[in-house]
Amino acid sequence: MRLSRRLQNLGLITLITLLIWLYAEAQNVRQESAELLVRLPDVIGQATVVDPTDRREPIRVAVELRGNSARLSELRATLAGLGVIELPLEAAHLPQNDAGIGPIDLRPLLQRASLTPRGGSGPRLADLGVSLDSVEPVSINVRIDQLVEKNVDVVFRPEGVQIDSASLKIDPPQVVLVLPQSLVEQYSSAQDVFKLEATVPQVDLPKLPPGVKQTVNAQLAIPQVLQSEYTQLKTNTVDVTFTIASQTESHVLGVVPVWLLAPPSELQRYQVTLAEDSRVLNDVTVTGPRQLVDQLRAGDTKLRVVGRIELTADDLDNAITSAPVSHIEIQEVNNGQVVVRHTIPLNRDALVAGADPSLPAFVSPTISVTTSNPIVKFRIQKTGE
């Protein structure tokens, strides 16, 4: 009987001691400093974006917290696994002015913030029995912007090949670009900025055959000046149909002067006079790279095309009367300096009896030249005769 009473007394004493400890612990309210990392939501409502004006996210905020030891310990454990707190920012908290710039108070937002990643459902400070005594900074300045949709043209301008413009088709020809209104206004007077480049990085365009219609799926690239963390495309690819134009062009020069090439010492002993009808090559057509031919067609004064007839000492001694032009030179003349840019040798296959008349008289790996007659006539005389 006495043992049972003693046990009852011991249990009562233990319970009272525990209650006293819990009461004392509850009254052990203290203050603790902490640093929180906070961020703004990506988008507010349907299309409003908010960014700090003077710093990058995440924003560091120094706070003074008040609570008992157990609550503060629980909060520390929660924050350790949280990382960044997303502020529950709504349209009602935003500055109401035409400039779209102003402060937002951090304390009420932190008190309402959910202590879970990315603003998910979770406890708040008040739910953990912790109060927020102070916040530094008290507020941050933000800039408000609206996301808008803009239809922009797609262009296809590949490097290294010439596209037949009549064959080019882009599907769709326009796509929707979502971006901040401030960017649209910033470049409102530069509409060329609002074009999207279609690129085909996995296709070796120069190796595609000319004159054959091709359809490829092309990636779209946002111009660098329009890029922001909010800029995005609603369509990332388009289908591009095109035909690569011939990479060579032809141009009729008409006549090309013929110049003599011989050892200087021999020219002191001999005089070579070209026949009247052999001083130029007639009906000359140059076929080659588009850029070069375009320069010749435009009459670029820096370029000069000449036919060279090369005579050896034996030729002069034997007083031959005719010979084919040995090569065509395309020269570039700058400030009196002459540089030979291209040499197109004689195609001797074209001189063989019965040769295909369409064979060019002069051929190099990139350029060919045709003429009605590559043979020139001349008279050789010894000096003084």
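Right above here is the structure, for reference.
Just so it is clear, the model here is predicted, and its values are computed rather than measured.

Engineer: Quick question: what am I supposed to make of helix H6 (residues 290-297) here?
Structural biologist: Spacing of three or four residues puts side chains on the same side of an α-helix, whose turn is 3.6 residues. What H6 keeps buried is the set Arg-290, Leu-292, Val-293 and Leu-296. The buried side chains of H6 occupy one side of the element, clustering within an arc of 160° when seen end-on. In the segment just after H6, Gly-299 is the residue with positive phi, at about 75°.

Engineer: Can you walk me through the sheet that holds strand E3 (residues 59-68) in this structure?
Structural biologist: Strands pair in a sheet through their backbones, by hydrogen bonds, and they do so in one of two ways: parallel or antiparallel. With mixed pairing, four strands are arranged side by side in an open sheet as E4-E1-E3-E6. Each edge of the open sheet carries a strand with a single partner, namely strand E4 (84-86) and strand E6 (131-136). Recorded for the sheet is a direction-independent mean angle of 45° between the axes of neighbouring strands.

Engineer: Would you explain helix H2 (residues 69-80) in this entry?
Structural biologist: Over its twelve residues, H2 extends 16 Å from the first C-alpha to the last, a length consistent with the 16 Å expected when each residue adds 1.5 Å. Restricting attention to buried positions, one finds in H2 the residues Ser-69, Leu-72 and Leu-75. Viewed end-on, H2 has its buried residues packed into an arc of 125°, placing them on one side of the element. Two to three positions downstream of the cap, the backbone nitrogen of Ala-70 sits 3.1 Å from a side-chain oxygen, assigning the N-cap of H2 to Asn-68.

Engineer: Just to check I follow, could you spell out unusual backbone geometry for this structure?
Structural biologist: Peptide bonds are trans in most cases, and residues, glycine excluded, mostly fall at negative phi. Note that the residue after Glu-136, namely Pro-137, is joined by a cis bond; omega there is 5°. Residue Pro-172 is reached from Asp-171 by a cis peptide bond, and omega for that bond is 0°. The residue Pro-172 is located in the loop between strand E8 (169-171) and strand E9 (174-180) in this model. Positive phi outside glycine occurs at Asp-283, with the angle close to 55°. Along the polypeptide, Asp-283 turns up in strand E16 (residues 280-289). Here Asp-283 falls in the exposed class, since its relative accessible area comes to 52%. Its identity as a non-glycine residue notwithstanding, Asn-335 has a phi of 50°, on the positive side. Positionally, Asn-335 belongs in the loop between strand E19 (327-334) and strand E20 (337-345).

About the cut-offs
Residues numbered from 1 in each chain as written. Predicted model: local features only at pLDDT ≥ 70, side-chain atom pairs only at ≥ 80, totals over all residues. Heavy atoms only, no water. Buried < 20%, exposed > 50% of the residue type's maximum accessible area, 1.4 Å probe, protein only. Helix = DSSP H or I, 4+ residues; strand = E, 2+ residues; numbered from the N terminus. Arc of directions from axis to C-beta. Pairing = 2+ DSSP bridges. Axes fitted to C-alpha atoms, helices over the stretch in contact; angles between N-to-C directions. Expected span 1.5 Å × (residues − 1). Polar contact = N/O pair within 3.5 Å; in protein donor to acceptor, adjacent residues only side chain to side chain.

Bear in mind that shape data such as this cannot, by itself, settle questions of function.
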